[in-house]
Amino acid sequence: MQLPYFFEENIPASGNFNLSETSSRHIVQVLRMQEGDFINITNGNGAIVTCKITTANKKHCEISLGESQVTNPPKQKICIAISPIKNTNRFEWFLEKATEIGVSEILPVLCSRTEKTYLKKERLQQIIVSAMLQSQQSWMPRLKEPVNFIDLIKSETSGTKLIAHCLDSAKRHINSFAKKEHPKLILIGPEGDFIEKEISAALENNFAPVSLGETRLRTETAGIVAAVLLKNYLEEER
């Protein structure tokens, strides 16, 4: 049976440690764990530490740090640069599933047709943490600050740069770009797609146009399809 899994951003090297109130409450009130029980904690940056509960307090649960390990980061860096959408629930669903899939970065990008420009980052970060724990991962995707579309495409970005748009023009399937050793950044547009000027500007800045399949997808679905196609292809190549 797997040990319960919790997130703590700052984990000391050794000794005893007080968990956050959120983790403490879940351990004591929800899981009904007691002194002497064991849990795993991660900092979302590769570390996994097995710990023993020394004080089962619902506000300040104390643990003794035990055996630790550091897992290797994902071999492939995948960044989904996606326009926030009006329906908050659908965007949160995207964050949850992208985290479970194992993307490295999620970058909200503000386009001409983006309807929602304000994001509750604390709420979105909580969703990412929860999805990371549920999927038993030790590397958490980085949720970056929203960036203007033009600023993004003109920024210094290494690796393969892709844009998925809906215009009827020449494109290659995303799998043709999914090779190892290169970070991937893929742009996913808002409801209604990118405007033509944005697509042209992206192409002028060395973004390659890609297809995600034969059907037209919602923004959040396109983001997940892109992540799955890249991730699955890379897993098969290993």
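Residues numbered from 1 in each chain as written. Predicted model: local features only at pLDDT ≥ 70, side-chain atom pairs only at ≥ 80, totals over all residues. Heavy atoms only, no water.

Colleague: Just to check I follow, could you spell out the environment of Leu 107 for this structure?
Modeller: With respect to the helices, strands and loops of the structure, Leu 107 is situated in strand β7 (residues 105-110). Its relative accessible area of 6% is what places Leu 107 among the buried residues. When the C-alpha atoms of Leu 107 and Val 147 are compared, they prove to be 7.6 Å apart, with 40 residues separating the residues in sequence. Look past the residues within four positions of Leu 107 in its chain and what remains in contact with it is Cys 79, Ile 80, Ala 81, Ile 82, Lys 144, Glu 145, Val 147 and Leu 152. (Helix = DSSP H or I, 4+ residues; strand = E, 2+ residues; numbered from the N terminus. Buried < 20%, exposed > 50% of the residue type's maximum accessible area, 1.4 Å probe, protein only. Contact = heavy atoms within 4.5 Å.)

Colleague: In this structure, what is going on with the layout of surface pockets? I would like to understand it.
Modeller: Any empty space left between the atoms is revealed when a probe the size of a water molecule rolls over them. The computed volume of the largest pocket comes to approximately 560 Å³. Phe 7, Thr 22, Ser 23, Val 129 and Leu 133 are the residues nearest the centre of the largest pocket, which is lined by 20 residues in total. Counting only elements with at least two residues in the lining of the largest pocket, the list comes to β1 (5-7), α1 (21-30) and α3 (121-134). Examining the composition of the lining of the largest pocket, we find that six residues originate from one element, α3, more than from any other. (1 Å grid on protein atoms, 1.4 Å probe; cavity = no way out; pocket = protein on both sides within 12 Å on 5 of 7 lines; lining within 4 Å. Points joined across faces, edges and corners; volume = space filled by probe spheres on them.)

Colleague: Sorry if this is basic, but what is going on with the packing of aromatic side chains here?
Modeller: Centre-to-centre distance and the angle between the planes together describe a pair of aromatic rings. The final tally for this structure, using the stated rule, is two aromatic pairs. Ring centres of Phe 91 and Phe 94 lie 6.0 Å apart, and the angle between their planes is 35°; this geometry places the pair in the tilted category. Separated by three residues within a single helix, Phe 91 and Phe 94 lie in helix α2 (residues 88-101), roughly one turn from each other. Classification of Phe 91 as buried rests on a relative accessible area of 3%. Of the residues examined, Phe 94 reaches a relative accessible area of 0% and is grouped as buried. With a centroid separation of 5.5 Å and an interplanar angle of 50°, the aromatic rings of Phe 149 and Phe 194 are classed as tilted. Here Phe 149, found in helix α4 (residues 149-153), pairs with Phe 194, found in the loop between β12 (184-188) and α5 (196-204); they are 45 residues apart in sequence, far enough to count as distant. (Phe/Tyr/Trp six-rings, centres within 6.5 Å; stacked < 30°, edge-to-face > 60°.)

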